[in-house]
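Spelled out, the chains give:
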Amino acid sequence: MNNEYGGIVARGIARSFGSVAAIRHIDFAAPPGEVTALIGPNGSGKTTLLLILASLLAPDTGTLTVGGVDPMQDAAAVRRRVGWMPDTLGVWESLTATEILTVMGSLYGMPVEERRSRAAELLAAVRLEEFADQPARVLSRGQQQRLSLARALIHDPAVLLLDEPASGLDPGSRVELRATLRSLADQGKTVVVSSHVLSELDEIADRAVFINRGESVKNQTLDEAGTQIRRYYIQAEPMQPLADALASHGVEFEMRGDSRRSEYQVMVSSTDQAAWLLRTLVMADVAITAFAPAGGALEETYMSLDTDRQ
Ligand SMILES: Nc1ncnc2c1ncn2[C@@H]1O[C@H](COP(=O)(O)OP(=O)(O)OP(=O)(O)O)[C@@H](O)[C@H]1O
């Protein structure tokens, strides 16, 4: 089954290794022009799923199109369309940064001049020009991650699969990675990223697939995540007037924290309600010192799911 729509469409994907069911049932779609996040606890099957999407592993059952093509029918066509950034750079540590990119370009059949100029362009884009002629083993973990991203982009793929791309990056490099992924999606590419850092995904993802024990348990757009009920934490100095004001407006609250730093948790159904509550508390002369959502929108969904950390 090939699919004109491009992007990724996966239905009923399962894969076992002997008696271990790494993936039991995954359904999701990742449209072109968007960043789709794969979110799940350790061992939930994210890497196995990415390997299947990259056509490096075959599913036992299910249907799949990647970049509009079924990897079971034409793995070579899928590989031409896909850029793959694994969670570590891999084994070519004695090659220089430029060689890693040009060798990869040659594997994709790029002419010599094109792969040289593309390598130079990408090394500049990931700020590794000064390491162009250094062997990859001298690069730090974060620099290797950036080289790995450049390697995934060498053949200008329509689909990008990134396994924990932010791991090992310093805060500045994470901000750059976010901007890069956003701009790749804006160019119409399909970007799929697995990560544990939910607060970061909130800022780059357009949609999320939550995976637990090898099953896709929820598919959600960021817009949907943003409209769900959220936990807010509120602090005041002193706390008693805050408790009185919440009670007098019928707002249920729970005490959190410890004697050093206590706070109240309330459930808020919309940003309008949050604005109303803050205004009401200030008008009631409560000395608010903190008023904020407890976590990002994706974290809220993650916490509300019955996920097991393995
Ligand atoms: N080649 C393999 N042989 C046997 N079991 C495997 C193999 N690959 C993965 N598994 C098992 O499949 C399950 C899913 O692993 P996977 O690496 O896909 O999870 P993950 O969500 O990427 O985890 P993490 O967040 O820790 O990287 C785990 O229980 C793992 O032990």
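Residues numbered from 1 in each chain as written. Predicted model: local features only at pLDDT ≥ 70, side-chain atom pairs only at ≥ 80, totals over all residues. Heavy atoms only, no water.

In the annotation of an unreviewed UniProt entry, the protein chain is listed under the name ABC transporter ATP-binding protein and assigned to Arthrobacter flavus. In UniProt, the protein chain has this text filed under Sequence similarities (unreviewed entry): "Belongs to the ABC transporter superfamily." (UniProt positions renumbered as here; feature names shortened; annotations may be inferred.)

Would you mind showing me how to read the pairing of strand β3 (residues 35-39) here?
Every regular strand shows the same layout, with side chains that alternate between the two sheet faces. A large share of β3 lies buried, amounting to 5 of its 5 residues. Neither face of β3 is left uncovered, since the one carrying Val-35, Ala-37 and Ile-39 and the one carrying Thr-36 and Leu-38 both have all their residues buried. By the bridge criterion, 4 bridges tie β3 to strand β7 (residues 190-194) in an arrangement that is parallel. Note that in β7 the partner of Leu-38 across the bridge is Ser-194. Two strands pair when backbone bridges link them, and β3 and strand β8 (residues 207-212) are joined in this way by 4 bridges, in the parallel orientation. Of the residues in β8, the one forming a bridge with Ala-37 is Ala-208. (Buried < 20%, exposed > 50% of the residue type's maximum accessible area, 1.4 Å probe, protein only. Helix = DSSP H or I, 4+ residues; strand = E, 2+ residues; numbered from the N terminus. Pairing = 2+ DSSP bridges.)

Any chance you could explain the nonpolar core here in plain terms?
For soluble globular proteins, the rule of thumb is that nonpolar side chains tend to be buried together. Within the largest apolar cluster, 44 residues are counted, with the highest numbers of intra-cluster contacts made by Ile-39, Leu-101, Leu-147, Leu-162, Val-191 and Leu-201. The dominant element in this core, judged by the number of residues it contributes, is helix α5 (residues 141-153), at 5 residues. Those residues in contact with Leu-162 that sit more than four places away from it in its chain are Leu-50, Met-85, Leu-149, Leu-181, Val-191, Val-192, Val-193 and Ser-194. In this structure, Leu-38, Val-69, Leu-161 and Ile-211 belong to the second largest nonpolar core, which totals 25 residues. (Core = buried A, V, L, I, M, F, W, Y, C linked by side-chain atoms within 4.5 Å. Contact = heavy atoms within 4.5 Å.)

Hey, could you run me through the site of the ligand in this one?
In the vicinity of the ligand, the contacting residues are Phe-17, Val-20, Ala-22, Pro-41, Asn-42, Gly-43, Ser-44, Gly-45, Lys-46, Thr-47, Thr-48 and His-196. Here an oxygen atom of the ligand sits 2.8 Å away from a polar atom, N or O, in the side chain of Thr-47. For the ligand, an oxygen atom lies 2.6 Å from a polar atom in the side chain of Thr-48. Considering the ligand on its own, with 640 Å² of exposed area, one finds that the protein chains cover 59% of that surface. The set of elements that each furnish at least two residues to the shell around the ligand consists of β2 (20-30) and α1 (46-53). A total of 3 residues in the shell around the ligand trace back to one element, the largest contributor, which is α1. For the shell around the ligand, a count of residues per class yields 4 nonpolar, 7 polar and 1 charged. (Near = heavy atom within 4 Å. Polar contact = N/O pair within 3.5 Å; in protein donor to acceptor, adjacent residues only side chain to side chain. Areas by Shrake-Rupley, 256 points an atom, 1.4 Å probe, with all protein chains shown as cover. Nonpolar A, V, L, I, M, F, W, Y, C, P; charged D, E, K, R; others polar.)

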